[in-house]
Amino acid sequence: MEIFVRPGDSLWHFSELFKIPLQLILDSNRNLNPQRLPVGQRIQIPGFTTANYVIKQGDSLWQIAQRQNVPLDTILLANPSITPNRLQIGQTIQVPQRITWRLVNGKQNYDYNIMISDIKKLQAAYPFLQNTSIGNSVLERSIPEMLIGNGSKRVHYNGSFHANEWITTPIIMTFLNDYLLALTNQTTIRGVSMASLYAQTTLSIVPMVNPDGVNLVIDGPPDNETLKNKLIAWNNNSTNFSGWKANINGVDLNDQFPAMWELESARNPQTPGPRDYGGEAPLTQPEAIAMADLTRRSNFAWVLAFHTQGKVIYWGFENLEPPESQTMVEEFSRVSGYEPVQSANSYAGYKDWFIQDWRRPGFTVELGSGTNPLPLSQFDDIYQQALGIFLAGLYL
């Protein structure tokens, strides 16, 4: 929510008044000097919204504050133009309300448009959450990256490299929402302090690497007849795209990285299709290029790529991974019940390339079990399994 500075106000006062950590208020207002707050300056208070309240006979602001369980001064800040002793019956005022509920509903067919809508909701409620674009998909959909935290250690999570593994996106988005809730309400998740993680770690999240593919699986082919007919032909003349893993060019984005790409390409399909075609060369698809560029400029300590399915965590590549990878995967296994597997006997994946080029820990986490796309009936179970991994990926 937005408030306006009065004479004598400070960010410290707002922090005490709204019971929001000062750092989150600072990070929600990056463009101002906290030592010099001009009267009338707009200030974003994270983790709050406002609700309309219509004045009734006999109401006073003090009574409203008591009934709504908020400090009187928060109502004054939310309504800078009202005169407290001249309330009019029928007048509408804004009453601050702490957000204690999820804004993300992950248990639905979670396509690109829903994700973008949810990102906007989260940013409005939690302005310390940063959102940038790492590039565009083939069909010019912007691929968002969200950043949360202040720490020098940089960690990366991603989802939906594969189109029919799209449930990874709402799983990640739900964790992000729960992290934001715990920060602003100063609570823990499974006994872990989110405030300390925020201070130690900067988390990069790309929740949907393959937006065109996800929309193809969930919503069907685009209206463009030429593209539609091409996709159906690539899909063995079927209009059922539930088995589609690739991007809209029929290239498997997790076979696009220069980590023994030639070996993977030689044993896989040589033409575009639903899965496993690695393209004419590594890093030819815009989504893969965007992920590679992001990784090169970000100095990630480690990366976790979330896929489905199998309840396993792949953690090695050609014995190039550092010793701490095994320690880390054992913790991931402990908190999730998933099986650590050193090698998937495959090449050209994102985590393979990361391990090869940086010699740092990289993991492919296969969430859930069954046939892709996994049904939403598994959502809650998958989330509880993944939650321990999300947390451990930040505190290790």
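Scope of this entry: the structure provided in the associated data block. Predicted model, so just to flag it, every value in this text is computed and none were measured.

Attention shifts here to the overall build of the chain. Along its length, the chain carries 14 helices and 14 strands. Taken along the three principal axes of its C-alpha coordinates, the chain extends 80 × 50 × 35 Å. A burial count over the chain gives 54% of its 396 residues as buried. Pairs at least 24 residues apart make up 76% of the contacts formed inside the chain by residues separated by at least 6 positions. Of the roughly 16700 Å² that the chain leaves accessible, carbon and sulfur atoms contribute 46%. In the chain, which carries 29 positive and 35 negative side-chain charges, the distance between the mean positions of the two groups comes to 9 Å.

Phe14, Phe18, Ile43, Ile148, Phe175 and Tyr179 are the most contacted members of the largest nonpolar core, which has 87 residues in total. If we ignore the near neighbours within four places in the chain, the residues touching Ile148 are Phe128, Leu129, Leu176, Tyr179, Leu180, Leu183, Tyr198, Thr201, Thr202 and Leu203.

Next up on the list: helix α8 (residues 211-219). In terms of residue burial, α8 counts as a mostly covered element, since seven of its nine residues are buried. Within α8 the residues assigned to the buried category are Pro211, Asp212, Gly213, Val214, Asn215, Leu216 and Val217. In this structure, the buried residues of α8 make contact with α5 (112-125), β6 (142-148), α9 (225-234) and α11 (286-298). A positive phi of about 90° marks Gly220, the residue just after α8.

Quick look at helix α14 (residues 379-395) now. Across its 17 residues, α14 extends 24 Å between first and last C-alpha, which sits within 8% of the 24 Å expected from 1.5 Å per residue. Along α14, the sharpest kink reaches roughly 30°, centred on Ala386.

So, on to the pairing of strand β7 (residues 153-159). Taking burial as the measure, the seven residues of β7 include six buried ones, the bulk of the element. Summarising the sheet, β7 and strand β10 (residues 201-206) pair through six bridges and their orientation is parallel. By the bridge assignment for β10, His156 is matched with Ser204. Where β7 meets strand β11 (residues 302-308), five bridges bridge the pair, whose relative direction is parallel. In the sheet register, Asn158 faces β11, and the bridge partner there is Ala305.

Our next topic: unusual backbone geometry. Each neighbour pair has its own omega, and for Thr308 with Gln309 the value is 15°, a cis peptide bond. With respect to the element layout, Gln309 can be found in the loop between β11 and β12 (312-314). Despite not being glycine, Asn236 has its phi angle at roughly 55°, a positive value. With respect to the helices and strands, the residue Asn236 is situated in the loop between α9 and α10 (261-267).

Here we take up the sheet that holds strand β5 (residues 130-136). Where strands meet in a sheet, backbone hydrogen bonds hold them as pairs that are either parallel or antiparallel. Taken in spatial order, the eight strands make up an open sheet running β5-β6-β10-β7-β11-β14-β12-β13, and their pairing is mixed. The sheet is open, and its two borders are formed by β5 and β13 (339-341), each paired with just one other strand. Pairs of neighbouring strands in the sheet enclose a mean axial angle of 20°, with direction left out of account. Across the face of the sheet, α11 comes into contact with β5, β6, β7 and β10 while running at roughly 130° to β5.

Looking now at the packing of aromatic side chains. This model, assessed by the stated rule, comprises 18 aromatic pairs. With centroids separated by 5.8 Å and ring planes inclined at 85°, the aromatic side chains of Phe128 and Tyr198 adopt a geometry described as edge-to-face. Placement of Phe128 in the loop between α5 and β5 and of Tyr198 in helix α7 (residues 194-200) is noted, with a sequence separation of 70 residues between them. Aromatic side chains Phe354 and Trp358 sit 5.4 Å apart centroid to centroid with 20° between the ring planes, which places their arrangement in the stacked category. Here Trp358 and Phe354 lie together in helix α13 (residues 350-358), a separation of four residues that amounts to about one turn. These aromatic residues form a ring-pair network of at least three members: Phe161, Phe257, Tyr350, Trp353, Phe354 and Trp358.

Further remarks concern the packing of α5 against helix α6 (residues 168-185). Running from amino to carboxyl end, α5 crosses α6 at an angle of 5°, the nearest separation of the two axes being 12 Å. Taken together, the axis directions place α5 and α6 in an arrangement best described as roughly parallel. Within the contact between the two elements, α5 uses Met115, Asp118, Ile119 and Leu122 and α6 uses Thr169, Met173, Leu176, Asn177 and Leu180.

The next point concerns the pattern of salt bridges. In total, this model carries 14 salt bridges according to the counting rule given. Notably, a salt bridge pairs Arg141 with Asp212, separated by 2.8 Å at the nearest N-O pair. Residue Arg141 is found in the loop between β5 and β6, and its partner Asp212 is found in helix α8; the two are separated by 71 residues along the sequence. Of the residues examined, Arg141 reaches a relative accessible area of 23% and is grouped as partly exposed. Note on Asp212: relative accessible area 1%, which makes it buried.

Here we take up the side chain of Gln385. For Gln385, the position within the fold is in helix α14. Polar side-chain contacts of Gln385 include one of 2.6 Å to the side chain of Tyr338.

Basis of the calculations
Counting of residues starts from 1 at the beginning of each chain's written sequence and follows it residue by residue. Local features are withheld for residues below a pLDDT of 70 in this predicted model, meaning they are given only at 70 or higher, and side-chain atom pairs are given and counted only at 80 or more; totals for whole chains, interfaces and linings count all residues. Values shown for side chains rest on all heavy atoms present in the structure; no hydrogens or waters enter the calculation. Helix and strand definitions here come from DSSP, where helices need a minimum of 4 consecutive H or I residues and strands a minimum of 2 consecutive E residues; each element is numbered from the N-terminal end. Categorising residues by exposure relies on relative accessible area from a 1.4 Å probe, with only protein chains included: less than 20% of the type maximum marks a residue as buried, more than 50% marks it as exposed, and the intermediate range marks it as partly exposed. The contact rule is simple, with two residues in contact once any of their heavy atoms fall within 4.5 Å. To measure how exposed things are, a 1.4 Å probe is used in the Shrake-Rupley method; for residues, cover is taken only from the protein chains shown. None of His or the chain ends enter the tally, which takes Lys and Arg as positive and Asp and Glu as negative. Every charge is mapped to an atom, namely NZ of Lys, CZ of Arg, CG of Asp or CD of Glu. By nonpolar core is meant a set of buried Ala, Val, Leu, Ile, Met, Phe, Trp, Tyr and Cys residues that side-chain atoms within 4.5 Å join together. By definition here, a helix of n residues has an expected span of 1.5 Å times n minus one. Bend, in this description, refers to the angle at a residue between axes fitted to the seven residues ending there and the seven starting there. DSSP-based pairing: two strands are paired if at least 2 bridges between them are found. Axis angles are defined between N-to-C directions and span 0 to 180 degrees, where every axis is a line fitted to C-alpha atoms and, for a helix, only to the segment in contact. A pair of aromatic rings is counted whenever rings of Phe, Tyr or Trp (Trp by its six-membered ring) have centres within 6.5 Å, and the orientation is called stacked for planes under 30 degrees apart, edge-to-face for over 60 and tilted otherwise. By definition in this entry, angles of less than 35 degrees are roughly parallel, angles greater than 145 are roughly antiparallel, angles of 65 to 115 are roughly perpendicular, and the rest are oblique. Salt bridges are defined by distance alone: a side-chain nitrogen of Lys or Arg within 4 Å of a carboxyl oxygen of Asp or Glu. Polar contact is defined as a pair of N or O atoms within 3.5 Å, subject to the rule that within protein one atom must be able to donate a hydrogen and the other to accept it, and that residues adjacent in sequence are counted only when both atoms are side-chain atoms.

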